[in-house]
Amino acid sequence: MLAALHDALNPDENRSPVGRAVKYLLILSITGSVSAAIWDTVTGLSPAVLQRLGLISVATFIVFAFEYVGRLVSATRRDPAAAEAPLEAVWHYARSPLGIVDALVVLPQLAHGLGWLGPEWARLGAVLALVKVARYARA
C-alpha cells in the first residue's frame with residue numbers, strides 16, 4: 001500500500017493513471033491556493049466572494065496536508081536502502097528542498113487554523129505553494 005502511495009505521489013517515476021490524476025489534482029490545488037491568497041488581499045470584495053475564497057483555501061490546505069503526510073509516510077518506499085532505514089528516509093525527505101517547501105506550505109496554514117498565527121502567515125503559506133510547481137516542471 002505504501003508503494004502504491006509513493007508511486008501515486010511521484011508520477012515521474014511511475015506513469016500510472018492514478019499518478020497522473022494526483023499530479024493534476026496537486027497542480028490544480030497549487031493554482032487554487034495561490035489564486036485564493038492573491039484575491040484575498042483585494043479590499044472591497046463581497047462576503048460571498050470571500051467565503052468562496054475561504055473554501056478554496058481550506059480545500060487546498062486539506063489536499064496539501066494529505067500530500068505532506070503521504071510523502072512522509074511513503075518516504076520509506078523510495079528505494080531499498082530507504083526501506084532498511086525508515087526513520088532516516090523520512091528525515092531525508094523532511095529536510096530535502098521540496099520537503100521543506102511542503103512543510104512551509106502546510107505548517108503556517110495549520111498554525112493559523114489552530115489560532116497560533118495570524119491570517120497573513122496562512123496567506124504566505126498558500127502563496128509558497130507556487131514553489132511546489134518545481135516538482136512538476138524541473139526547469
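Below you will find a few notes about this structure. (Residues numbered from 1 in each chain as written. Predicted model: local features only at pLDDT ≥ 70, side-chain atom pairs only at ≥ 80, totals over all residues. Heavy atoms only, no water.)

A word on helix α3 (residues 47-74). Across its 28 residues, α3 extends 40 Å between first and last C-alpha, which sits within 8% of the 40 Å expected from 1.5 Å per residue. By the burial criterion, the buried members of α3 are Leu53, Thr60, Phe61, Phe64, Ala65, Glu67, Tyr68, Gly70, Arg71 and Ser74. Buried residues along α3 sit in contact with α1 (2-9), α2 (17-39), α5 (86-94) and α6 (97-113). (Helix = DSSP H or I, 4+ residues; strand = E, 2+ residues; numbered from the N terminus. Expected span 1.5 Å × (residues − 1). Buried < 20%, exposed > 50% of the residue type's maximum accessible area, 1.4 Å probe, protein only. Contact = heavy atoms within 4.5 Å.)

A separate point is α2. Taking 1.5 Å per residue, 23 residues should reach 33 Å; α2 reaches 33 Å between its end C-alpha atoms and fits that length. Within the sequence span of α2, burial applies to Gly19, Lys23, Leu26, Ser29, Ile30, Gly32, Ser33, Val34, Ala36 and Ala37. Elements in contact with the buried residues of α2: α1, α3 and α7 (119-128).

This brings us to the packing of α1 against α3. As a packed pair, α1 and α3 sit with axes 9 Å apart at the nearest point and diverge in direction by 125°. Considered as vectors, α1 and α3 are oriented oblique to each other. For the element pair α1 and α3, the recorded crossing hand is left-handed. Contacts between α1 and α3 pair Leu2, Leu5, His6 and Leu9 from the former with Glu67, Gly70, Arg71, Val73 and Ser74 from the latter. A per-class count over the contact of α1 with α3 returns 4 nonpolar, 3 polar and 2 charged. (Axes fitted to C-alpha atoms, helices over the stretch in contact; angles between N-to-C directions. Parallel < 35°, antiparallel > 145°, perpendicular 65-115°, else oblique. Left-handed = near helix turned anticlockwise from the far one by under 90°. Nonpolar A, V, L, I, M, F, W, Y, C, P; charged D, E, K, R; others polar.)

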